[in-house]
Amino acid sequence: MLKPTALALACATTLFASGSAFAQDPIRISAELEQQVIEWRRDLHQNPELSNREFRTSKVVAEHLRELGLEVQTEVAHTGVVGILKGGKPGPVIALRADMDALPVTEQTDLLFKSTATAEYRGEEVGVMHACGHDLHVAMLMGAAQQLAAMQEDIEGTVMFIFQPAEEGAPKGEEGGAELMLEEGLFAELKPDAVFGIHVWSAGTTGHIGYRSGPLMASSDRFEINVKGRQTHGSRPWGGVDPIVTAAQIIQNTQNIVSRQIDITKAPAVVSFGIVEGGVRNNIIPDDVYLEGTIRNFSMENRAQIFEKLKTTAEHTALSSGAEAHVHIDEGYPVTVNDPSLTEKMLPTMERVAGKDKVKVNALVTGAEDFSFYALEVPGLFVFLGITPEGQDPATAPSNHSPFFYADEAALKTGTEMYVNWVFDYAAQE
Ligand SMILES: [Zn+2]
Ligand SMILES: [Zn+2]
């Protein structure tokens, strides 16, 4: 684990001694721009769109970037927008990312600009809400683009603005998000030297930053197990093969994977079942049982081992009862890993922008993020920005994805300035 105080001192000493831009105050945005960011956010909040359906959002973003004079590419991975800002001086390529999609959640806040939008989701009409705060992400990055465009001549290098669709997952049968943007060649022509991202969350007080060197967020993988037995009357179990008892044994035995077989000193892991389906009547032993669950990891090595062990455990447990188990693993998002050297370099920037007392090492988070795909390609830094108002307990505030999710807009200034200062400070160090 990092010792933030010692690290910050070490960095500050080196940088101040070299007389770099770090000795100066951070770049701050004007009150007008802050107000503009708030207005963008409210407009986006009132007009949320589901994953891969961010048509209006991407139009708003693209128009703004074009007005600023950026090179703009649209329809990347369906609705994604990429803006390129070439600085006045040579230097590195720095990518900044914001995700744009909302969730199938019916908003229950009493905000004046609350969402009343609806859309079709899995064949049903649902409410749509920016319940994960991606509206704030888009607004902050639009604000950062405006600030950076105004300072274009002073920028050393090139800034790539990534407005990404479908972070919450593409609809069934569709591809999307960071993985698809990369597949379509996002980093092929212009490969960033570093990529930065911010996620707002209820677990932090407004303006507080949670960072972590190395793994921060878990990988998330979905698994399905089909347990195949042979139907028989419930009074005569010997007449068939019972997939229900076998499924129960599989659920039990897989608990041994994390608790007995994985080196937990490397990283924690989770294997959870969320669906158990089988049978129609009390006295019929059915042909099959369907199981589904999720696997979370903080180590790509453990992840591969758990995949293997889940398969072995399910198949062999079934075999011992004369049944069969077919395991399918649907690989989701990888582990989100912050590059240790980039994290160390950028820590003083975070402390100068947010305030030293507001920057803390974050605990591991078992949620997943597709920012991880970018960070597998180039050094990445992803941090949390608190949005729960001072005086309220972040532990009990409605969490991200809740219909009551509430974001304190005072955090928008911190987030916007963080993007801007990352660009200048990273370039100054290269
Ligand atoms: Zn989310
Ligand atoms: Zn999110």
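Thresholds applied
Residues numbered from 1 in each chain as written. Chains lettered and ligands numbered in written order. Predicted model: local features only at pLDDT ≥ 70, side-chain atom pairs only at ≥ 80, totals over all residues. Heavy atoms only, no water. Donors = N, O, S within 2.8 Å, 3.2 Å for Na, K, Ca; no water. Helix = DSSP H or I, 4+ residues; strand = E, 2+ residues; numbered from the N terminus. Axes fitted to C-alpha atoms, helices over the stretch in contact; angles between N-to-C directions. Parallel < 35°, antiparallel > 145°, perpendicular 65-115°, else oblique. Left-handed = near helix turned anticlockwise from the far one by under 90°. Contact = heavy atoms within 4.5 Å. Nonpolar A, V, L, I, M, F, W, Y, C, P; charged D, E, K, R; others polar. Expected span 1.5 Å × (residues − 1). Buried < 20%, exposed > 50% of the residue type's maximum accessible area, 1.4 Å probe, protein only. Arc of directions from axis to C-beta. Polar contact = N/O pair within 3.5 Å; in protein donor to acceptor, adjacent residues only side chain to side chain. Phe/Tyr/Trp six-rings, centres within 6.5 Å; stacked < 30°, edge-to-face > 60°. Pairing = 2+ DSSP bridges. Patch = residues over 30% accessible without salt bridge, like charges linked within 9 Å, V, L, I, M, F, W, Y side chains within 5 Å. Areas by Shrake-Rupley, 256 points an atom, 1.4 Å probe, with all protein chains shown as cover. Salt bridge = Lys/Arg side-chain N within 4 Å of Asp/Glu carboxyl O. Lys, Arg positive; Asp, Glu negative; His and termini not counted. Charge placed at Lys NZ, Arg CZ, Asp CG, Glu CD.

K.L.:
So what exactly am I meant to see when it comes to the coordination of the zinc ion (ligand 2) here?
P.N.:
Coordination angles at a metal have ideal targets, namely 109.5 degrees for four tetrahedral donors and 90 or 180 degrees for six octahedral donors. Around the zinc ion (ligand 2), the protein contributes the donor atoms Cys132 (SG), His134 (NE2) and His199 (NE2), at 2.1 to 2.5 Å from the metal centre. We note that the donor set of the zinc ion (ligand 2) lies within a single chain, spaced as C-x1-H-x64-H. A gap of 3.1 Å separates the zinc ion (ligand 2) and the zinc ion (ligand 1), which Cys132 links by coordinating each metal. You can see Cys132 sitting in the loop between strand 5 (124–127) and helix 4 (134–150) and its partner His199 sitting in strand 7 (residues 194–205), a full 67 residues away along the chain.

K.L.:
I tried to follow the packing of helix 4 against helix 10 (residues 411–429) on my own but got confused; where do I start?
P.N.:
Geometry of a packed helix pair, given as the angle between the helix axes and the separation of the axes. Relative orientation of the contacting elements helix 4 and helix 10 amounts to 50°, with a least axis distance of 8 Å. Judged on the interaxial angle alone, helix 10 and helix 4 are oblique. Viewed along their axes, helix 4 and helix 10 form a crossing whose handedness is right-handed. Listed contacts from helix 10 to Leu136, Met140, Leu141, Gly143, Ala144, Gln147 and Leu148 of helix 4 are Ala411, Leu412, Gly415, Thr416, Tyr419, Val420, Val423 and Phe424. Per-class residue counts for the contact of helix 4 with helix 10 are eleven nonpolar, four polar and no charged.

K.L.:
I tried to follow helix 6 (residues 243–261) on my own but got confused; where do I start?
P.N.:
For the α-helix, the turn length of 3.6 residues means that residues three or four positions removed from each other point alike. Taking 1.5 Å as the rise per residue, helix 6 with 19 residues should run 27 Å; its terminal C-alpha atoms sit 25 Å apart, in good agreement. Residues of helix 6 that are buried include every one of Pro243, Thr246, Ala247, Ile250, Thr254, Ile257 and Val258, and no others. Angularly, the buried residues of helix 6 cover 120° about the axis, an arc narrow enough to put them on a single face. Seen from the open side of helix 6, the exposed residues pointing more than 90 degrees away from its buried face are Gln252 and Arg260. Looking at the buried positions of helix 6, the neighbouring elements they touch are strand 10 (219–228), strand 12 (269–277), strand 13 (284–285), strand 14 (288–297), helix 7 (300–320) and strand 15 (324–333). The backbone nitrogen of Ile244 lies 2.7 Å from a side-chain oxygen of the residue at the head of helix 6, namely Asp242.

K.L.:
What should I look at first to understand the coordination of the zinc ion (ligand 1) in this one?
P.N.:
Here the zinc ion (ligand 1) is held by the protein donor atoms Cys132 (SG), Glu168 (OE) and His401 (NE2), which lie 2.1 to 2.3 Å from it. Each donor residue of the zinc ion (ligand 1) lies on the same chain, and together they follow the pattern C-x35-E-x232-H. On the basis of relative accessible area, His401 is assigned to the partly exposed category, the value being 38%.

K.L.:
Help me out: how do you make sense of the packing of aromatic side chains in this one?
P.N.:
For any pair of aromatic rings, geometry is given as the distance between the ring centres together with the angle between the planes. Following the criterion strictly, the structure yields ten aromatic pairs and no others. Between Phe382 and Phe384, the ring centres sit 6.2 Å apart and the planes meet at 75°, which makes this aromatic pair edge-to-face. Phe384 shares its class with Phe382; the two are buried. Each member of the aromatic cluster is reached from another via a ring pair, and the members are Phe187, Trp201, Phe371, Tyr374, Phe382 and Phe384.

K.L.:
Quick question: what am I supposed to make of the sheet that holds strand 15 here?
P.N.:
The strands that make up a sheet are held in pairs by hydrogen bonds between backbone atoms, and each pair lies either parallel or antiparallel. Taken in spatial order, the four strands make up an open sheet running 12-14-10-15, and their pairing is antiparallel. Taken across any chain shown, the strands that pair with only one partner, and hence form the sheet edges, are strand 12 and strand 15. The average angle at which neighbouring strand axes cross in this sheet is 20°, direction not considered. Where strand 10 and strand 15 come together, eight bridges link them in antiparallel fashion. Residue Lys228 lies in a different strand from strand 15, and its bridge partner there is Glu324. Packing against the sheet, helix 6 makes contact with strand 10, strand 12, strand 14 and strand 15, and its axis sits at approximately 170° to strand 12. Packed on one face of the sheet, helix 7 meets strand 10, strand 12, strand 14 and strand 15 and runs near 160° to strand 15.

K.L.:
Hey, could you run me through a negative patch on the surface in this one?
P.N.:
Together, Glu175, Glu179, Glu183 and Glu184 make up a negatively charged patch on the protein surface. Turning to its location among the elements, Glu179 is positioned in helix 5 (residues 177–183). Judged by relative accessible area, Glu179 falls into the partly exposed class, the value being 39%.

K.L.:
Before we go on, may I ask you to explain the sheet that holds strand 2 (residues 80–86) in this structure?
P.N.:
The eight strands lie next to each other as 1-2-6-3-7-18-8-17, forming an open sheet whose pairing is mixed. Looking at the sheet topology across the chains shown, the edges are occupied by strand 1 (71–76) and strand 17 (359–361). Across this sheet, the average inter-strand angle for adjacent strands is 25°, counted without regard to direction. Note: strand 3 (residues 89–99) against strand 7, four bridges, orientation parallel. The partner of Arg97 across the bridge, within strand 7, is Gly197. Helix 8 (residues 340–354) rests against strand 7, strand 8 (209–211), strand 17 and strand 18 (380–388) of the sheet, and its axis sits at about 25° to strand 18. Across the sheet, helix 10 touches strand 3, strand 6 (156–164), strand 7, strand 8 and strand 18, and the angle it forms with strand 7 is around 155°.

On their own, these measurements won't tell you what the molecule is for.
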